[in-house]
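What follows is each chain in one-letter form.
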Amino acid sequence: MLNGRMYTGRDSVHAYLMKNEPPVDLNGAALYHCGPVAVKDGERWKMNAAGPTTSIREEPYEADVIRRYGVRVIIGKGGMGPKTAEALKEKGAVYLNAIGGAAQFYARCIERVDDVSLMEFGIPEAMWHLHVKDFPAIVTMDAHGNSLHKDVEADSAARLAALKG
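Residues numbered from 1 in each chain as written. Predicted model: local features only at pLDDT ≥ 70, side-chain atom pairs only at ≥ 80, totals over all residues. Heavy atoms only, no water.

A. Molecular detail of the pattern of salt bridges. By the definition in use, this model includes six salt bridges. With a closest N to O distance of 3.1 Å, Glu90 and Arg67 form a salt bridge. Remark: Arg67 occurs in helix H2 (residues 59–69) and Glu90 occurs in helix H3 (residues 82–91); sequence separation between them is 23 residues. Residue classification places Glu90 among the partly exposed positions, given a relative accessible area of 45%. One salt bridge in this structure joins Asp155 and Arg159, with 2.8 Å as the shortest N-O distance. Placement of both Asp155 and Arg159 in helix H5 (residues 148–164) is noted, with a separation of four residues, approximately one turn of the helix. Accessibility expressed as a relative area gives 39% for Asp155, which makes it partly exposed. Bridged by salt links that share partners, the residues Arg5, Arg112 and Asp114 form one connected network. (Salt bridge = Lys/Arg side-chain N within 4 Å of Asp/Glu carboxyl O. Helix = DSSP H or I, 4+ residues; strand = E, 2+ residues; numbered from the N terminus. Buried < 20%, exposed > 50% of the residue type's maximum accessible area, 1.4 Å probe, protein only.)

Laid out in structure tokens, this is it:
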């Protein structure tokens, strides 16, 4: 269960970070692959949906983001590839898998929206500064090079080969 600050970052944020300094200090931060549905409620933002998006899309960028800015936690769905796995190991960071299809549930875990950066990219692609409480996710790629995603893929391939053989 995560509690505290996290930032969202999808494709536009990751591309931005390859050429620009981040709008916030990401050292030690959690970066959530999420394109939320947010609406203004008076002067404040309210999240109506905030589920994870597929993380592998960020594979071309994520290792650099981790190394350059000191991000310690990546949250998304589906896992990531070998470049990210190596950066996780090198920098002592982890990947957490969030539950796909649970966007409204995750929105209820957001206690407040503290700010938003890069709104020029649009609501789903902006960098949201969120404060979460009891946000469930599971470590599926750790800081030692282990990957549950890789293990499941290898096990599935072995079982399929046994069925064919």
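B. Representation of the sheet that holds strand S1 (residues 2–8). The sheet built from seven strands is open, its strands ordered S7-S8-S1-S2-S5-S6-S9 with mixed pairing. Edge positions in the sheet fall to strand S7 (110–117) and strand S9 (138–141), since each of these pairs with one other strand and no more. Adjacent strand axes in the sheet meet at a mean angle of 35°, parallel and antiparallel pairs treated alike. Sheet analysis places S1 next to strand S2 (residues 30–32), joined by two bridges and oriented parallel. Counterpart to Thr8 in the pairing with S2 is Tyr32. (Pairing = 2+ DSSP bridges. Axes fitted to C-alpha atoms, helices over the stretch in contact; angles between N-to-C directions.)

These values are about where atoms sit, not about what they do.
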